[in-house]
Protein chains: 2
Amino acid sequence: MIFGISVAADAPVRQASLRQHNLRLVLAQVASLSPQSRADIAAATGLTRATVSTLVDDLVSGSLLREVSPTPRSGAGRPGVGLVLNDADGPAGLGLEINVDYLAACVLDLAGTVRHREIQPGDRRGVDPAQVLSSAAALASRAMLAAEDQGLTIAGTAVAVPGLVSPDRVIRLAPNLGWRDVDASGFTPGPLTVENEANLAALGELHHGSPGGSTSFLYVSGEIGIGAGIVLQGNLFRGARGWSGELGHVAVNPGGPACRCGAHGCLEQYAGQEALLPPGTSVSDLAAAADSGSEPDLGRLSTAASALGVTIAGVINLLDVDTVILGGIYAPLTPWLRPGIEAEIANRVLTAAWSPVRIHPAALGSDAAVIGAAGAVIRAVHEEPAAWLLPIGPLRHRDSGKP
Amino acid sequence: MIFGISVAADAPVRQASLRQHNLRLVLAQVASLSPQSRADIAAATGLTRATVSTLVDDLVSGSLLREVSPTPRSGAGRPGVGLVLNDADGPAGLGLEINVDYLAACVLDLAGTVRHREIQPGDRRGVDPAQVLSSAAALASRAMLAAEDQGLTIAGTAVAVPGLVSPDRVIRLAPNLGWRDVDASGFTPGPLTVENEANLAALGELHHGSPGGSTSFLYVSGEIGIGAGIVLQGNLFRGARGWSGELGHVAVNPGGPACRCGAHGCLEQYAGQEALLPPGTSVSDLAAAADSGSEPDLGRLSTAASALGVTIAGVINLLDVDTVILGGIYAPLTPWLRPGIEAEIANRVLTAAWSPVRIHPAALGSDAAVIGAAGAVIRAVHEEPAAWLLPIGPLRHRDSGKP
């Protein structure tokens, strides 16, 4: 996982990893329902009251949980102090997005609420990467100030880019920005991850959108390029080197038109933004024209839908996902794209007859990637709370067994 | 995982799961290098000598490990008793394969050695499924007797079938056998899994073949139909419902020839066994003809290679695997298929320039699926030794701290 630090499967379970596991468990319990008392948490997790108290104390003093005034309970006994995720002065996640026609920043608190948001439109094609990174750094620094003003501490930054990123945070190739081997490792301070935008958008939809209740889906990102994020059983599927999801360069027709990648008949040639939108027109122009029955516009949408359908059917045959989320420019065009995609799925997917595939527009629209980025930082804290507590945790005096 | 029983990620870690984890750890340590003494295992795992002794005693009395005579050691101290995987009278895995033109059975012991093997050639197209299952049951029963004669106990059976299987072990669709909704849940006694043959073949190559050192690969199974098994970071990727890998029905050319699945231009039409081999000829006939320069044969191979290449390039763009294993009839044809596949990958895969993809023939040839099936049973024991010990474990007197 992004930012994730996990114990090797073949390591012996010792005290330290037990504590890590149980801190995560308590935090997840409060995240699932709050406020909850220490007694509620003990009952729900099966941990002893004393253990829960020690863990909660660590999480409160480490600013991951905060106490709220007791809520009346039914039944006997004193009402317990309620615990909630610390959205007042806890850690927060900073998400950035560098895209071809906009930059964006977003801050999420520990509870997943958006606390700051900035978008800077403007075409970045042909602009010097250093200049784009410097604009992104300025956005980041304003977002950090905005977070600080609200009492939050940025735990880390995740950056969404429309391209292939290596683990050392070098953007190897972003064809539609015209970038190759751009080092994005130090352009903004603090812990930093750089990740493909479709992957982060898929995570955004999974954790902050509503993928129709499914935890196994294909997120299709329609921009100048076409990317995909693959989520399987609640986990982002990044591929062996993190370069999965290059849906735009899957062949629809090997003898088709030349693509800027050098191959022929790639999906982007039939369904990319430039194939769908005549120069100077917007997605809402296209939606309006389609709505009024314009034949050429409906024709382009139908061609794109068939090409998307053939490709998506191939993905479903291969990966067996039950839900497809249309993101980016495809989200508002879903009503016109869905029938053509569904027809190809019905025709080409072997399991289609007894296992229907649902097609939804992205719930977060074009914010999916930047929200997914900020959310990835927050999720890393949720998954490894011990890492966030570490600087103060092990040296601090620890109470135990408090009521 | 197949047969796998795993603790939910959000469960508290308690004694029972600690013991499970550490039993697995000790077993894996012996599997990685043997013989090893209790002291060696303690040193390698970081567990205490006393804990290791208790765990080893459980594994020995549960017939998963056995003791061998002490081996001389360098350095001071008495030589420890050596421990090895119990391949003498331990559990064994039974693999079965039901395919269009043969049935097969295979027994593997705990160390992964083949202890029994039977193949029954014969075309099963149009044969009543009940009759085929009854032949397979007869193979299974002979394999069980052969295992028993060698002192082994069959821990479970896994069956490889060329089709889509639901979790209740109903074969929903096996197009080339002509099967639909065939219940395979009880045709042979004992714990039973039914799984797609390409998935099991991929596992066979992963654990018992040699996938070029890669743990992320696409296994392509060329038979009457074309299937695929996807292995990512050492794990089989089964899809949301276990129906991943239907590579044969990915479109190469949406306007191409009609496929028996109802769609047009599927990979099977260009590269399936029936497209490659004229009626009445075998794979070795084709290899011999190609070797002698026969133009029509080289032409069919070249068409198949291009179609495979376009489809495989799409998979690599999507999933970012670094290795492709050609199995089934493709294994012996690799020398003729590889160049055409490589050309399409070079042309179509965005990351191909800096991230080469290797193409190998399957090391296990056409035995991959049945060995993978037997291996899946054995791996389930390795992954969950506590489940195998359970019937006797918790009630048994337990020694501790033995030297």
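None of these values were measured; they are calculated from a predicted model.

Asker: Which parts of the structure should I look at to understand the packing of helix α8 (residues 283-291) of chain A against helix α10 (residues 330-348) of chain A?
Answerer: The axes of two packed helices give the description: the angle between them and the distance between them. Residues and elements named next belong to chain A. Following both chains from N to C, one finds α8 and α10 inclined at 25 degrees, their axes separated by 10 Å at the closest point. Here α8 lies roughly parallel to α10, going by the angle between them. Of the two elements, α8 crosses α10, and the hand of that crossing is left-handed. Here Val-283, Leu-286, Ala-287 and Ala-290 of α8 lie close against α10, whose contacting residues are Pro-332, Leu-333 and Trp-336. Among the residues making up the contact of α8 with α10, the classes are represented as seven nonpolar, no polar and no charged.

Asker: Before we go on, may I ask you to explain the interface of chain B and chain A in this structure?
Answerer: Many structure descriptions define interface size as the accessible area lost when the parts assemble. Taken together, the contact between chain B and chain A spans 49 residues of the former and 48 residues of the latter. For the side of chain B that touches chain A, the secondary structure elements donating two or more residues are α1 (15-32), β8 (170-174), α9 (295-319) and α10 (330-348) of chain B. With six residues, the single largest contributor to the side of chain B that touches chain A is α9(B).

Asker: Is there a simple way to explain the pairing of strand β5 (residues 114-121) of chain B in this structure?
Answerer: When a strand is regular, its side chains alternate between the sheet's two faces. Residue and element names in this part refer to chain B. By the bridge criterion, seven bridges tie strand β4 (residues 102-109) to β5 in an arrangement that is antiparallel. Note on β5: the bridge partner recorded for Val-107 is His-116. Counting the residues between successive antiparallel strands, the hairpin from β4 to β5 contains four residues, one of them, Gly-112, with a positive phi of roughly 90 degrees.

Asker: Is there a simple way to explain the pairing of strand β4 (residues 102-109) of chain A in this structure?
Answerer: All names here are of chain A. Burial analysis of β4 places seven of its eight residues in the buried class, the great majority of the element. The pairing of strand β3 (residues 91-98) with β4 spans seven bridges and is antiparallel. Bridge pairing in β4 places Glu-97 opposite Ala-104. Counted along the chain from β3 to the antiparallel partner β4, the turn is three residues long.

Asker: Sorry, what's going on with the domain arrangement of chain A here?
Answerer: Split by domain assignment, chain A resolves into domain 1 (15-86), domain 2 (91-202 + 367-383) and domain 3 (210-363). Relative to domain 3 of chain A, the C-alpha centre of domain 1 of chain A lies at a distance of 43 Å.

Asker: When you look at the relation of the copies chain B and chain A in this model, what are you seeing that I'm missing?
Answerer: Both copies of the chain are related by one operation, a rotation about an axis with a shift along it. Rotating chain B by 180 degrees about the axis while translating it 0.1 Å along that axis superimposes it on chain A, leaving an RMSD of 0.1 Å. The relationship between the two copies is best expressed as a two-fold rotation axis. No C-alpha of chain B approaches the rotation axis more nearly than that of B:Asn253, which lies at 2.6 Å. Comparing interface residues between copies, 98% of those in chain B also sit at the interface in chain A, which points to an isologous, same-surface contact.

Asker: Just checking my understanding: could you explain the sheet that holds β3(A) for this structure?
Answerer: Sheet strands pair by backbone hydrogen bonding; their relative direction is either parallel or antiparallel. All names here are of chain A. Pairing within the open sheet is mixed, and its five strands lie in the order β5-β4-β3-β6-β10. Looking at the sheet topology across the chains shown, the edges are occupied by β5 (114-121) and β10 (192-196). Sheet twist, expressed as the average angle between the axes of neighbouring strands with direction ignored, equals 15 degrees. Its contacts with the sheet put helix α5 (residues 197-208) on β3, β6 (153-161) and β10, and the angle it makes with β10 is roughly 95 degrees. On top of the sheet, helix α11 (residues 368-383) reaches β3, β4, β6 and β10; it is set at about 150 degrees to β3, its chief contact.

Asker: What am I meant to see in the confidence of the model for chain A here?
Answerer: Note that predicted coordinates carrying low pLDDT should not be read in detail. Residue and element names in this part refer to chain A. Scored by pLDDT, chain A comes out at a mean of 88, with 90% of its residues at no less than 70. Long-range and interchain partners of residues 1-11, a stretch whose pLDDT sits below 50, account for 19 contacts in this model, where long-range means more than four residues apart. Long-range and interchain partners of residues 392-403, a stretch whose pLDDT sits below 50, account for 14 contacts in this model, where long-range means more than four residues apart. Here the predicted complex scores 0.84 on pTM and 0.82 on ipTM.

Asker: Help me understand the packing of helix α8 (residues 283-291) of chain B against α9(B), please; the structure alone is not making it clear to me.
Answerer: Residues and elements named next belong to chain B. Direction vectors running N to C along α8 and α9 enclose 110 degrees, while the axes themselves pass 8 Å from each other. Between α8 and α9, the interaxial angle falls into the category roughly perpendicular. In the packing of α8 onto α9, the handedness of the crossing is left-handed. Each of Leu-286, Ala-289 and Ala-290 in α8 lies in contact with α9, whose residues at this interface are Asp-297, Leu-298 and Leu-301. Classifying every residue of the contact of α8 with α9 by side-chain character gives five nonpolar, no polar and one charged.

Asker: Just to check I follow, could you spell out the sheet that holds strand β7 (residues 164-165) of chain A for this structure?
Answerer: Here three strands make up an open sheet; going across it, the order is β7-β8-β9 (chain A) and the pairing antiparallel. The two strands at the open ends of the sheet, each matched to only one other strand, are β7 and β9 (179-183) of chain A.

Scoring rules and cut-offs
- Positions within a chain are numbered from 1, following the residues in the order the chain's sequence is written.
- Chains carry letters and ligands carry numbers; both start at the beginning, A for chains and 1 for ligands, and go up in the order they are written.
- Thresholds applied to this predicted model are a pLDDT of at least 70 for local features of residues and 80 or more for the giving and counting of side-chain atom pairs; totals over whole chains, interfaces and linings are not thresholded and use all residues.
- All axes here are fitted lines through C-alpha atoms, helices being fitted over the stretch that makes contact, and every angle between N-to-C directions spans 0 to 180 degrees.
- A run of DSSP states H or I qualifies as a helix once it reaches four residues; a run of E qualifies as a strand once it reaches two. Both are numbered from the N-terminal end.
- Just so you know how the angles are binned, under 35 degrees is roughly parallel, over 145 roughly antiparallel, 65 to 115 roughly perpendicular, and the rest oblique.
- Left-handed is the label given to a crossing in which the near helix is rotated counterclockwise from the far helix by less than a right angle, and right-handed is the label when the rotation is clockwise.
- Two residues qualify as being in contact provided that their C-beta atoms, derived from the backbone, are within 7 Å of each other.
- Each residue gets one of three labels, nonpolar for Ala, Val, Leu, Ile, Met, Phe, Trp, Tyr, Cys and Pro, charged for Asp, Glu, Lys and Arg, and polar for the others, Gly among them.
- Here, a strand pair is defined by DSSP locating no fewer than two bridges between the strands.
- Put plainly, a residue is buried at 20 or more neighbouring C-beta atoms within 10 Å of its own, exposed at 12 or fewer, and partly exposed in between, counting only other residues' C-beta atoms, which are placed from the backbone.
- Note: domain ranges come from an automatic or database domain assignment.
- When the copies are overlaid, the least-squares fit takes in C-alpha atoms only where the residue has pLDDT of at least 70 in both copies.
- Every residue is assigned a pLDDT by the predictor, reflecting its confidence on a scale from 0 to 100.

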